[in-house]
Amino acid sequence: MTPLEAHSLHRFYRRGGTEIPALLDVSLTCRAGEMVAVTGPSGSGKSTLLSLLAGLDDPDGGSVRVAGELLSHRTPAAAARLRARHIGVLTQNSSLFAHLSVRENVRFAAALSRAGGPSPDDLLDALGLRDVRRATPRTLSGGETARAGLAVALAGAPTVLLADEPTAEVSTDEERSILDLLGEWRPPTGATVVVTHSAAVAEHADRVLHLVDGRIA
Ligand SMILES: Nc1ncnc2c1ncn2[C@@H]1O[C@H](COP(=O)(O)OP(=O)(O)OP(=O)(O)O)[C@@H](O)[C@H]1O
């Protein structure tokens, strides 16, 4: 099974009377277990690509398949089901609910997926979050926030892990630790796609996709 396939993606935005070509003919096929880093200057289309791969936005041309199933241009309910089952997203400032503890956040993500992933407590232990499992997100350090976001993204045993600048807000030491955890915990038969400006993260990937002006350079 190919975990993630994007075929000839195009995305145009409109601002006033102007059409902005954010993504032009971008294709990406990930092998099982592969980690791909997406790099490129600001405005090159990295976040746009990640939104399309996550099924949070639809392309104007082309398609995305996850675990063989079409993700693009589905009904909102069908796309939400596919996302919950197959996709884990890790964003820069993390997708943690502020009023839930770290543990409750991870349990909630696991319950949504229904995929039978790792036990939330095992995941928290493995990611070094045992001592802060009862803490709420705003009391965490930058590194703890990044690791808690990773725990939430992994809780549903996703086929595809998508990360947007996961180490942008952390120290170099913490970045190394998060990269080690990503290496250890990334979907073993799925795909990991990481948008990054960090050379260390790009070096960690199996392959780098470099975007310039919405195209693969
Ligand atoms: N909602 C939107 N409406 C209009 N234009 C947009 C929208 N989102 C992105 N763009 C434009 O599309 C292009 C690609 O943006 P995108 O955010 O994907 O780039 P990026 O590589 O992620 O940039 P950065 O590294 O700064 O986050 C840019 O020209 C941006 O201004």
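Let me begin by describing the structure that accompanies this report. (Residues numbered from 1 in each chain as written. Predicted model: local features only at pLDDT ≥ 70, side-chain atom pairs only at ≥ 80, totals over all residues. Heavy atoms only, no water.)

## Thoughts on the nonpolar core
Thought 1: Grouped together as the largest cluster of nonpolar side chains are 29 residues, with contacts concentrated most on Val106, Leu123, Leu127, Leu129 and Leu150.
Thought 2: Elements with a contribution of two residues or more to this core: β3 (34-39), α3 (102-113), α4 (120-126), α5 (142-154), β7 (160-164), α6 (172-185) and α7 (199-204).
Thought 3: A per-element tally of this core places α5 first, with six residues.
Thought 4: Once residues within four sequence positions are removed from consideration, Leu129 is found in contact with Leu124, Glu144, Arg147, Ala148 and Ala151. (Core = buried A, V, L, I, M, F, W, Y, C linked by side-chain atoms within 4.5 Å. Buried < 20%, exposed > 50% of the residue type's maximum accessible area, 1.4 Å probe, protein only. Helix = DSSP H or I, 4+ residues; strand = E, 2+ residues; numbered from the N terminus. Contact = heavy atoms within 4.5 Å.)

## Regarding the environment of Gly16
Thought 1: One can find Gly16 in the loop between β1 (4-15) and β2 (18-30).
Thought 2: Taking the relative accessible area as the measure of exposure, Gly16 reaches 73% and is therefore exposed.
Thought 3: For the pair formed by Gly16 and Leu53, sequence separation is 37 residues and the distance between their alpha carbons is 26 Å.

## Some words on the pattern of salt bridges
When the charged atoms of two side chains lie near each other, side chains of opposite charge can form a pair.
Thought 1: Applying the stated criterion across every chain, the model contains 10 salt bridges.
Thought 2: With a closest N to O distance of 3.0 Å, Arg11 and Asp60 form a salt bridge. Here the residue Arg11 occupies a position in strand β1, and Asp60 occupies one in the loop between α1 (46-54) and β4 (61-66), the gap between them amounting to 49 residues.
Thought 3: For Arg11, a relative accessible area of 14% puts it in the buried group. (Salt bridge = Lys/Arg side-chain N within 4 Å of Asp/Glu carboxyl O.)

That's the geometry; what it means functionally is another story.
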